[in-house]
Amino acid sequence: MAPLQLAGGLAGREHEPIGDHCPMDRTIQVIGSRPALLLLREAFYGARRFDDLARGVGITDAVAAQRLKELVAVGVLEKVPYREPGQRTRHEYVLTEAGHELLPVVLGLLAWGDRHLPTSPSTVRLSHDGCGAAVAPALRCAAGHDVPEEEVVVRSSRRRGVSERGAARRRAPGPATGR
């Protein structure tokens, strides 16, 4: 298979790191940890309450609290108060519109793991409730065409409203992060 086509600021960068300038890098910084992705999986599976989310992932309360706080801070989840009779007010974690936009990513990881890392005796099947046909993540353009890997163009361009000061701050070297 041919590599993705690079255009704009990405073309000819000669393998220089792009770090925080890359939306993929920024996304992984927020949702790229195992606990964060599995909390998202549980949210898509319908879990909303802290205990259900933490238990479904199998992580400590401290780790769950930190990851949920981060997912709320970036707008992937929203804390919604609820109160059961005779109890104090608590919060549920609900996927936002931005959170729902991650469904193809979560399903893609689920399908890829099932296909390429089949260490479990069970398998996962994604299907359309309306007709029963298999569901598979796919690359499709806005016009509805299936797009093969070699026809994808990744184009970098400057966003409107990004100040030079902000861009310089993002370029400034900071402490080593181990990335």
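These figures come from a predicted structure and were not determined experimentally.

1. As for the confidence of the model for the chain
Chain-level pLDDT for the chain is 85 on average; 88% of the residues reach the 70-or-more range. Across residues 162-179, where pLDDT falls below 50, the model places ten contacts with residues more than four positions away in sequence or in other chains.

2. Some details on the nonpolar core
Core analysis: the biggest nonpolar cluster contains 19 residues, and Leu39, Leu40, Leu53, Leu68, Leu71 and Leu77 have the highest contact counts within it. Looking at this core, the elements with two or more residues in it are helix H2 (34-44), helix H3 (50-57), helix H4 (61-73) and strand E3 (90-95). The element best represented in this core is H2, accounting for four residues. Setting aside residues no more than four positions away along its own chain, Leu53 makes contact with Leu39, Glu42, Ala43, Ala47, Arg48, Leu68 and Tyr93.

3. As for H2
If you check which residues of H2 are buried, you get Pro35, Ala36, Leu38, Leu39, Leu40, Glu42 and Ala43. Against the buried residues of H2 lie helix H1 (23-31), H3, H4, strand E2 (77-82), E3 and helix H6 (103-116). The distance from a side-chain oxygen at the start of H2 to the backbone nitrogen of Ala36 is 3.2 Å, and the residue carrying that oxygen is Ser33. Looking at the residues trailing H2, positive phi occurs at Gly46, about 110 degrees.

So, how was this worked out
- Residues numbered from 1 in each chain as written.
- Predicted model: local features only at pLDDT ≥ 70, side-chain atom pairs only at ≥ 80, totals over all residues.
- Heavy atoms only, no water.
- pLDDT = per-residue confidence, 0-100.
- Contact = heavy atoms within 4.5 Å.
- Core = buried A, V, L, I, M, F, W, Y, C linked by side-chain atoms within 4.5 Å.
- Buried < 20%, exposed > 50% of the residue type's maximum accessible area, 1.4 Å probe, protein only.
- Helix = DSSP H or I, 4+ residues; strand = E, 2+ residues; numbered from the N terminus.
- Polar contact = N/O pair within 3.5 Å; in protein donor to acceptor, adjacent residues only side chain to side chain.

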